[in-house]
Amino acid sequence: MSHAVPAGRGPRRLRTGLRTVLTVLATLAHAAAGEPTPVSVQTAPSRFMISAVDPSAAHAVAAMAEEGWRWLAAPLALPDSFSTPIFVRLIAAAEGAHDAPFAVMVEPGGVVSLRLGLERSELRVVRRALVQSLLLRLAVAHHGAGGPITAPHWLEHACAGWWETRADAAQLDALKLESQRVAPPELAKTITLVNDLFY
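The rules behind the values
- Residues numbered from 1 in each chain as written.
- Predicted model: local features only at pLDDT ≥ 70, side-chain atom pairs only at ≥ 80, totals over all residues.
- Heavy atoms only, no water.
- Helix = DSSP H or I, 4+ residues; strand = E, 2+ residues; numbered from the N terminus.
- Buried < 20%, exposed > 50% of the residue type's maximum accessible area, 1.4 Å probe, protein only.
- Contact = heavy atoms within 4.5 Å.
- Areas by Shrake-Rupley, 256 points an atom, 1.4 Å probe, with all protein chains shown as cover.
- pLDDT = per-residue confidence, 0-100.
- Pairing = 2+ DSSP bridges.
- Axes fitted to C-alpha atoms, helices over the stretch in contact; angles between N-to-C directions.
- Parallel < 35°, antiparallel > 145°, perpendicular 65-115°, else oblique.
- Left-handed = near helix turned anticlockwise from the far one by under 90°.
- Nonpolar A, V, L, I, M, F, W, Y, C, P; charged D, E, K, R; others polar.
- Expected span 1.5 Å × (residues − 1).
- Core = buried A, V, L, I, M, F, W, Y, C linked by side-chain atoms within 4.5 Å.
- Phe/Tyr/Trp six-rings, centres within 6.5 Å; stacked < 30°, edge-to-face > 60°.

Caption draft 1: Geometry of the overall build of the chain. In terms of regular secondary structure, the chain is built from six helices and five strands. Reading the secondary structure of the chain in the N-to-C direction produces α-β-β-α-β-β-β-α-α-α-α. The buried share of the chain, reckoned over its 199 residues, is 31%. Contacts spanning at least 24 positions in sequence make up 62% of the contacts within the chain whose residues lie at least 6 apart. Per element, the accessible surface of the chain, about 12,400 Å² overall, is 61% carbon and sulfur.

What follows is the structure, given as structure tokens:
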């Protein structure tokens, strides 16, 4: 038993289907054109993974991360690599303003991530951000992620200063002058913080 299709209904359904497909394709094409695809740049395996829309920015931060690892490997007794890398996301100004130029987080499972704003990416800020993420990742490697993990600010600044003065020896005198204005922490607290972080 055959069923006749009313005249005009078949072509009308075909046109409706084609319009739907074309609308979906146009939407996808517009989204692809309007949303640049982020790129990921990895330093040495399981060290840093940098994600950014701007490839040149990602490569620049990756180069800085490798430089920092090289200068801090001996004083911090860094391993050749971690079990998981430090995940760095470079945030453009258009993605929203943030009060802090960077934020480092220890996520569930011990994953350390760094969110770094490109609009305020001065050299010292980027260096401090990478140092803080490295200290927290080292703390996770030594102690796990069972409790709150922090890195003392004095150690962060000391590592950033060590890196800066090794990469640019002319900055050593400037760092000495700057250090004279900062009161040193109590020795007992310093020893406790170092023991908590590394032992």
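Caption draft 2: Expanded view of the confidence of the model for the chain. With 72% of its residues at a pLDDT of 70 or more, the chain has an overall mean of 79. By mean pLDDT, the top-scoring element of the chain is strand β2 (residues 48-52) (94), and the lowest-scoring one is helix α1 (residues 9-34) (53).

Caption draft 3: Structural view of the pairing of strand β5 (residues 111-117). The element β5 is largely enclosed, with a buried count of five among its seven residues. Where strand β3 (residues 86-91) lies against β5, five bridges are found, and the strand directions are parallel. Residue pairing for β5: Val88 is matched across the bridge by Leu114. In this structure, strand β4 (residues 102-107) lies alongside β5, joined through six bridges in antiparallel fashion. Residue pairing for β5: Phe102 is matched across the bridge by Leu116.

Caption draft 4: A look at the environment of Met105. Within the secondary structure, Met105 is located in strand β4. Sequence-wise, Met105 and Ile149 are 44 residues apart; in three dimensions their C-alpha atoms are separated by 9.3 Å. Not counting chain neighbours up to four residues away, the residues in contact with Met105 comprise Val111, Val112, Ser113 and Arg115.

Caption draft 5: Quick peek at the packing of helix α3 (residues 123-143) against helix α4 (residues 153-167). For the pair α3 and α4, the least separation of the axes is 9 Å and the interaxial angle reads 120 degrees. Between α3 and α4, the crossing angle belongs to the class labelled oblique. When you trace α3 past α4, the crossing you get is right-handed. Residues Arg124, Arg127, Arg128, Leu130, Val131, Gln132 and Leu135 of α3 lie in contact with α4, whose contacting residues are Leu155, Glu156, His157, Cys159, Ala160, Trp163 and Glu164. Of the residues contributing to the contact of α3 with α4, the split by class is seven nonpolar, two polar and five charged.

Caption draft 6: Focus on α3. Taking 1.5 Å per residue, 21 residues should reach 30 Å; α3 reaches 30 Å between its end C-alpha atoms and fits that length. Two residues or fewer past α3, Gly144 is found with a positive phi of approximately 80 degrees.

Caption draft 7: A look at the nonpolar core. Within the largest apolar cluster, 40 residues are counted, with the highest numbers of intra-cluster contacts made by Phe48 and Leu130. Counting only elements with at least two residues in this core, the list comes to β2, α2 (55-72), β3, β4, β5, α3 and α4. Setting aside residues up to four positions removed in sequence, Leu130 forms contacts with Phe48, Val61, Met64, Ala65, Leu114 and Trp163.

Caption draft 8: Representation of the sheet that holds β5 in the model. Sheet architecture is open: five strands sit in the order β1-β2-β3-β5-β4, paired in mixed fashion. Strands with a single pairing partner mark the edges of an open sheet, and in this sheet they are β1 (39-42) and β4. Mean inter-strand twist for the sheet, computed between neighbouring axes without regard to direction, equals 20 degrees. Sheet topology places β1 next to β2; four bridges connect them, and they run antiparallel.

Caption draft 9: Broad picture of the packing of aromatic side chains. Within the structure shown, the criterion is met by two aromatic pairs. Note on Phe48 and Trp69: the rings are 6.4 Å apart at their centroids and 85 degrees apart in plane angle, and the pair reads as edge-to-face. Of the two residues, Phe48 is situated in strand β2 and Trp69 in helix α2; the sequence distance between them amounts to 21 residues. Neither Phe48 nor Trp69 differs from the other in exposure class; each is buried. Taking the centre distance of 5.5 Å and the plane angle of 70 degrees together, the rings of Trp69 and Phe82 count as edge-to-face. Remark: Phe82 occurs in the loop between α2 and β3 and Trp69 occurs in helix α2; sequence separation between them is 13 residues. Assessed through its relative accessible area of 3%, Trp69 is described here as buried.

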